[in-house]
Amino acid sequence: MSGPSTFQPTNPAIKWIERRLPIFGLVHASFVAYPTPRNLNYFWTFGGILSMMLGVQIVTGVILAMHYTPHVDMAFNSVESIVRDVNYGWLLRYLHSNGASMFFIAVYIHMFRGLYYGSYKEPREVLWILGVIIYLLMMATGFMGYVLPWGQMSFWGATVITNLFSAIPYVGDSIVTLLWGGYSVGNPTLNRFFSLHYLLPFVIAGVVVLHVWALHVAGQNNPAGVEPKTDKDTVPFTPYATIKDSFAMVCFMIFFAWFVFYVPNYLGDPDNYIQANPGVTPAHIVPEWYYLPFYAILRSIPSKLGGVIAMFGAIVVLAFLPWLDSARTRSSRYRPLAKQFFWIFVAVCIVLGWLGGKPAEGIYVIAGRVLTACYFAYFLIVLPLLSRIERPKALPNSIADDVLGKGGTSRAMASSLLALVLAGGLIVAGGVHSARAADEHGGATPPSLKWSFAGPFGKFDRAQLQRGYKVYKEVCSTCHSMNLLHYRNLADAGGPGFTPAQALAVASDTTVKDGPNDAGEMFDRPGRLADPFPKPFPNENAGRAANGGAYPPDLSLMAKARNYDRGFPQFIFDFFTQFQEKGPNYIDALLQGYVDPPPADFKLPEGAYYNKYYPDHAIKMPKPISDDQVAYDDGTPTKVENYAKDVATFLMWTAEPHLEARKRMGLQVMIFLVILASLLYFTKKRVWSAVH
Amino acid sequence: MAAVGAAAAVVPLVAQMNPDASTIAAGAPIEVDLTPVAEGQDIKVFWRGKPIYISHRTKKQIEDAQSVNVSSLPDPQPDSARVKEGKDQWLVVIGICTHLGCIPIAHEGAYNGFFCPCHGSVYDTSGRIRSGPAPLNLAVPPYSFVSDTKIKIG
Ligand code: FES
């Protein structure tokens, strides 16, 4: 897209097409011969990484849509059946859900890079604004996608965000009704979100084409911020940029794979493993991590309309950046003051993100207000002022000079930026983690136990799963349902290791109501492998009535739906040690946490029991199990301690039945990617040795 | 002309987003029997997908609600404007926080009214906003007493 093509095909077929549609010439000019500045650092590879992530999201998303049902009664279970029953469904789902986070990590690095090196300045204003539009579209897509699994956070996130529009004077309420297609978030809302969530990525792809087009007209910016003048300043896109981008992409994939295969729920919210319930608000509503800074801005303004305006303003202000910062020097490398303020701004964004995950009270609100002011001051005061008063350092004459002059400092800056972004991400994650824990006030932290399924090589202990199943069946199942499990699952690979015959024997011990038969009557028959585990109560109200008003929750996903605070800096280590066992720790602790009589100063409500680990301590479930209640036939001591651990293991398996397959594949993928990355690294060294 | 045509074509495209006939039909009025709700208790019913709190207020709660200096409230409204005349003991409000739509918890917060866990709005025993980010009092749905112990919401 830059100037007349120099592409000279020799193949007659290509020639024939080229005369009618010069597409090969276009590709050649844009991605082969296209000159790129030779001093680009690795931050310039994130454009390519973002295109890759868009591709990943579209491919996995289209496939997931083939299995997903957008209906309030079925959406949650259809996502679970993708994960459980569809071949490699767990992989596709985790790729897609973690892919969204990766997409945002990459886009934030990409944007901060643009900010630091002044990539929005003349003649790249339109390029930058197209980028802001893509970012907005990404936010909308991500938000609607998060609603689709129809968990508690999906539902309440949707409620809170759509209600933002009710702040608009006069027409607000009608707009919200229009968005919902009802009087509250419901089935019509879910349907239209699904439709739009499917559409928007293609709109993004369209704007990306414009973005790349504008990029190829204006040419890439570079760390020195001076335009290429001679041929010595540039290198052709292929092989130089191609090989470098490929290497960076594979490195990014390693990072991505770490999440997908080892900590797939690290960035997710445990509450979203509970099906949406319009009657119960989770104690603490947190949006996905990538919205947190804006959420913090929303909450720090005491007026509703003001908060909404500030939140949208925080994004819209980005589009005006090219005119707010009118300094001639592009790169902050040569702007000593702008550089310092840039880093302060990065810190402000990160801390805002952390605050967004905190409950809105006391010191957090005040800090949020101060930082919101800083956020806007950066754009509206600091940048315009700096462009008037700052005296930039001398620029290098050309890009070639810059490359020969100094590579060291820029590389140091690059790695410090990367480190900061990573640290920032983890702090934000920590904010989310501890915010979720805030609702567990009063519950003691469960001890961390050793689990056979923890870590990169974790596997379930078959005998333990079988014992856990026994405990579940003889004790828990009298009150708790297990809706997502079927008898056939008992014989699944990576499960308790029943033979199909054994599983069938278990199933046929039960009677199942079936029908109607030819005479139109319902009849009883023995259970089959395909039957789900039986429900203890015909419906929720019956369950409530039998349990003093508290409905015993379904246990299928319990091990992923419970959480507690691990505190700073533990949650950072958790990412590296692949700690994913909060649920089992909590279940194990809860089953052993009954204290009778309760501490003297605790006022126990009627019909409740004191439990050390239960939030607020008053649990409606009586102590469910005591020593020697369930007979074990493998000689394991029949102590509560063992019952608790075995059943917690069993529940981990029911929540994550493909855990073993996931970790196994993770190892293969990691080995492959590391080898590929090192090959690419050495190829890249060879290719670039001529220009360095 | 073309502009008029285009504008007219937009009408069905946008109007389809509003609640459809079945949603509207399902939003018809409901009747609630109040006899099982003892003094000091409250129940939650759903109408149009929204939770409605029906509280049987105690003497003290009613007094608390009536004794406030109305002009000092963020959204000034006397208690009498929020209940039906002669039925002071019954408070019927839509249990949706006027901030961003969470469901406040009954019998919580500094005024023993409602407390919204999402961003900390506190409502009093009349469902009026007292502190926090919510701008308005909890809405009172349209309702009427069919008999002494039965109301019709909608
Ligand atoms: S939704 Fe209730 S305080 Fe925000």
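Residues numbered from 1 in each chain as written. Chains lettered and ligands numbered in written order. Predicted model: local features only at pLDDT ≥ 70, side-chain atom pairs only at ≥ 80, totals over all residues. Heavy atoms only, no water.

### Things to note about the overall build of chain B
Stated precisely, the cut-off is as follows: Strands here mean DSSP runs of E at least two residues long; helices mean DSSP runs of H or I at least four residues long; both are numbered from the N terminus. It is over C-alpha atoms that the radius of gyration is taken, and the globule rule equals 2.2 Å times the number of residues to the power 0.38. Each residue's exposure class comes from its accessible area (1.4 Å probe, protein chains only) as a fraction of the maximum for that residue type: buried when under 20%, exposed when over 50%, partly exposed otherwise.
Within chain B one finds three helices and 10 strands. Shown N-terminal to C-terminal, the secondary structure of chain B runs as helices and strands in the order α-α-β-β-β-α-β-β-β-β-β-β-β. Taken over C-alpha atoms, the radius of gyration comes to 19 Å for chain B, far larger than the 15 Å a tight globule of 154 residues would show. On the principal axes, the C-alpha backbone points of chain B span a range of 65 × 35 × 25 Å. Counting over 154 residues, chain B shows a buried share of 41%.

### A look at the side chain of Arg38(A)
Residues and elements named next belong to chain A. Which entries qualify depends on this criterion: In summary, the charge assignment counts Lys and Arg as positive and Asp and Glu as negative, without counting His or the chain termini. Here a salt bridge means any side-chain nitrogen of Lys or Arg lying within 4 Å of a carboxyl oxygen belonging to Asp or Glu. Here a polar contact is taken to be a pair of N or O atoms separated by no more than 3.5 Å, where protein atoms must pair a possible hydrogen donor with a possible acceptor and residues adjacent in sequence count only if both atoms sit in side chains. Contacts between residues were defined by any pair of non-hydrogen atoms, one from each residue, lying within 4.5 Å.
Here Arg 38 is to be found in the loop between strand E1 (35-37) and helix H3 (46-65). For the buried residue Arg 38, which engages in no salt bridge, the nearest side chain bearing the opposite charge is Asp 233, 6.2 Å off. Polar contacts involving the side chain of Arg 38 include one to the main-chain carbonyl oxygen of Lys 232, which spans 3.0 Å. The residues touching Arg 38, leaving out its near neighbours within four places in the chain, are Lys 232, Asp 233, Thr 234, Val 235, Ile 399, Val 403, Trp 688 and Val 691.

### Here's the deal with the sheet that holds strand E9 (residues 143-147) of chain B
Residues and elements named next belong to chain B. Applicable threshold: At least two bridges found by DSSP between two strands are what make those strands a pair. Fitted lines through C-alpha atoms give the axes, limited to the stretch in contact for helices. The angle between two N-to-C directions lies from 0 to 180 degrees.
Spatially, the three strands line up as an open sheet ordered E1-E10-E9, and their pairing is antiparallel. Strand pairing shows two members of the sheet lacking a second neighbour, strand E1 (30-33) and E9, which therefore form its edges. For this sheet the average axis-to-axis angle between neighbouring strands, irrespective of direction, equals 30 degrees.

### Here we look at the pattern of salt bridges
Residues and elements named next belong to chain B. The tally for this structure, following the rule as stated, stands at 25 salt bridges over all chains. For Lys 87, the salt bridge identified is with Asp 148, shortest N-O distance 2.7 Å. Of the two residues, Lys 87 sits in the loop between helix H3 (59-66) and strand E4 (90-94) while Asp 148 sits in the loop between E9 and strand E10 (150-153), which places them 61 residues apart along the sequence. Accessibility expressed as a relative area gives 16% for Lys 87, which makes it buried.

### A look at the packing of helix H6 (residues 125-147) of chain A against helix H9 (residues 187-218) of chain A
Residues and elements named next belong to chain A. Which entries qualify depends on this criterion: In this scheme, roughly parallel covers angles under 35 degrees and roughly antiparallel covers those over 145, while 65 to 115 is roughly perpendicular and the rest are oblique. Two helices cross in a left-handed way if the nearer one is turned anticlockwise from the farther one by less than a right angle. They cross in a right-handed way if the turn is clockwise. When residue character is reported, Ala, Val, Leu, Ile, Met, Phe, Trp, Tyr, Cys and Pro are called nonpolar, Asp, Glu, Lys and Arg charged, and the others, Gly included, polar.
Two elements in contact, H6 and H9, have axes whose closest approach is 9 Å; the angle formed by their N-to-C orientations is 160 degrees. If you check the angle between H6 and H9, you find them roughly antiparallel. Seen along the crossing, H6 lies across H9 with a hand that is left-handed. Split into classes, the residues belonging to the contact of H6 with H9 amount to 22 nonpolar, five polar and no charged.

### Some details on the side chain of Asp124(B)
Residues and elements named next belong to chain B. Take Asp 124: it is sitting in the loop between strand E7 (122-123) and strand E8 (129-131). Judged by relative accessible area, which is 2%, Asp 124 ranks as buried. Of note is the side chain of Asp 124, whose polar atom sits 2.8 Å from the backbone nitrogen of Arg 128.

### Some points on the interface of chain A and chain B
Under the convention used in this document: Defined in terms of a 1.4 Å probe, buried area is the accessible area two parts forfeit on being brought together, summed over both.
Listed by partner, the interface residues are 25 residues for chain A and 23 residues for chain B. Interface area, chain A with chain B, both sides summed: about 2000 Å², of which 62% is carbon and sulfur. Along the contact surface separating chain A from chain B lie seven residue pairs in polar contact (both at pLDDT 80 or more). At four residues, helix H7 (residues 152-163) of chain A tops the list of elements feeding residues into the side of chain A that touches chain B.

### Quick look at the packing of aromatic side chains
Both the distance between ring centres and the angle between the ring planes are used here to describe each pair of aromatic rings. Test applied: Whether two aromatic rings pair depends on their centres lying within 6.5 Å, for rings of Phe, Tyr and Trp, where Trp uses its six-membered ring; planes under 30 degrees apart make the pair stacked, over 60 edge-to-face, and the rest tilted. A ring has a charge above it when a Lys NZ or an Arg CZ is no more than 6 Å from the ring centre and no more than 35 degrees off the ring normal.
A full pass over the atoms with the stated rule returns 59 aromatic pairs over all chains. Plain terms: the ring middles of Tyr469(A) and Phe533(A) are 6.0 Å apart, the flat faces sit at 50 degrees to each other, and that makes the pair tilted. Residue Tyr469(A) is located in helix H18 (residues 462-474), and its partner Phe533(A) is located in the loop between strand E4 (523-526) and helix H20 (540-546); the two are separated by 64 residues in the primary sequence. Taken together, Trp44(A), Phe112(A), Tyr116(A), Tyr117(A), Phe342(A), Trp343(A), Phe345(A), Tyr375(A), Phe376(A), Tyr378(A) and Phe379(A) form an aromatic cluster joined through their ring pairs. Its end group placed over the ring of Trp688(A), Lys244(A) keeps NZ or CZ at 4.9 Å from the ring centre. Between the NZ or CZ atom of Arg130(B) and the centre of the ring of Tyr111(B), over which it lies, the distance is 4.2 Å.

### Describing the sheet that holds strand E5 (residues 105-108) of chain B
Residues and elements named next belong to chain B. With respect to topology, four strands assemble into an open sheet ordered E5-E6-E7-E8, the strand pairing being antiparallel. The open sheet has two edge strands, E5 and E8, and neither has a second partner. Examined bridge by bridge, E5 and strand E6 (residues 113-115) share three bridges and lie antiparallel to one another. Paired with Ala 106 across the strands is Phe 114, a residue of E6.

### Thoughts on unusual backbone geometry
Backbone torsion omega between Thr238(A) and Pro239(A) reads 10 degrees, so that peptide bond is classified as cis. Considering the arrangement of structural elements, one finds Pro239(A) in helix H10 (residues 237-262). Cis geometry is adopted by the peptide bond preceding Pro516(A), which originates at Gly515(A) and carries an omega value of 0 degrees. Position of Pro516(A) relative to the elements: it lies in the loop between strand E3 (511-514) and E4. Even without glycine at this site, Arg48(B) takes up a positive phi of about 55 degrees. Along the chain, the position of Arg48(B) falls in the loop between strand E2 (42-47) and strand E3 (50-56).

### Brief notes about helix H5 (residues 89-116) of chain A
Residues and elements named next belong to chain A. Stated formally: To estimate the expected span of a helix, count its residues, drop one, and scale the result by 1.5 Å.
In this model, H5 (28 residues) spans 40 Å end to end at C-alpha, consistent with the 40 Å of a helix rising 1.5 Å per residue. Of all 28 residues in H5, 27 are buried; the element is thus mostly enclosed. Gly 118 sits one or two positions beyond H5 and adopts a positive phi of about 65 degrees.

### With respect to a nonpolar patch on the surface
All names here are of chain A. Just so we agree on the cut-off: Patches were defined on residues exceeding 30% relative accessible area and lacking a salt bridge, with like-charge contacts within 9 Å and nonpolar side-chain contacts (Val, Leu, Ile, Met, Phe, Trp, Tyr) within 5 Å. Under the convention used here, a 1.4 Å probe and the Shrake-Rupley method define accessible areas, while residue burial counts only the protein chains that appear.
On the surface, Trp 16, Ile 17, Leu 21, Ile 23, Phe 24, Val 27, Phe 31 and Val 32 cluster together into a nonpolar patch covering about 690 Å² of accessible area. Mapped onto the nonpolar patch, the elements with two or more residues apiece are helix H1 (12-20) and helix H2 (23-31). Among the elements that make up the nonpolar patch, the one with the highest residue count is H2 (four residues). Of note, Ile 17 is situated in helix H1.

### Things to note about the environment of Leu64(A)
Residue and element names in this part refer to chain A. On the secondary structure map, Leu 64 appears in helix H3. Between the C-alpha atom of Leu 64 and that of His 96, which follows or precedes it by 32 residues, the distance is 8.6 Å. Every residue in contact with Leu 64, bar those within four places of it in the chain, is listed here: Ile 82, Leu 92, Arg 93 and His 96.

### Some remarks on the nonpolar core
Side chains of a nonpolar character, in soluble globular proteins, are inclined to be buried together. As a reminder, the rule being used: Here, nonpolar core means buried Ala, Val, Leu, Ile, Met, Phe, Trp, Tyr and Cys residues that are tied together by side-chain atoms lying within 4.5 Å of each other.
Among the nonpolar cores identified, the biggest contains 193 residues, and Tyr375(A) and Phe379(A) are the most heavily contacted of them. Looking at this core element by element, the count peaks at 18 residues for H5(A). Counting 13 residues, the second-largest nonpolar core is a separate cluster that includes Val32(B), Leu34(B), Ile151(B) and Ile153(B).

### As for helix H12 (residues 304-319) of chain A
Residue and element names in this part refer to chain A. Threshold: At any given residue, the bend is defined as the angle formed between two axes, one fitted to the seven residues that end at that position and one fitted to the seven that begin there.
Compared with an ideal rise of 1.5 Å per residue, which puts 16 residues at 22 Å, H12 spans 24 Å between its outermost C-alpha atoms and is within 8% of the ideal. Where H12 bends most, at Gly 313, the angle is about 30 degrees. Of all the residues in H12, the buried ones are Lys 304, Gly 307, Val 308, Ala 310, Met 311, Ala 314, Ile 315, Val 317, Leu 318 and Ala 319. On its buried face, H12 is in contact with H5, H6, H7, helix H11 (292-300), helix H13 (321-324) and helix H15 (362-389). In this structure Ser 303 caps H12, since a side-chain oxygen of it lies 2.9 Å from the backbone nitrogen of Gly 306.

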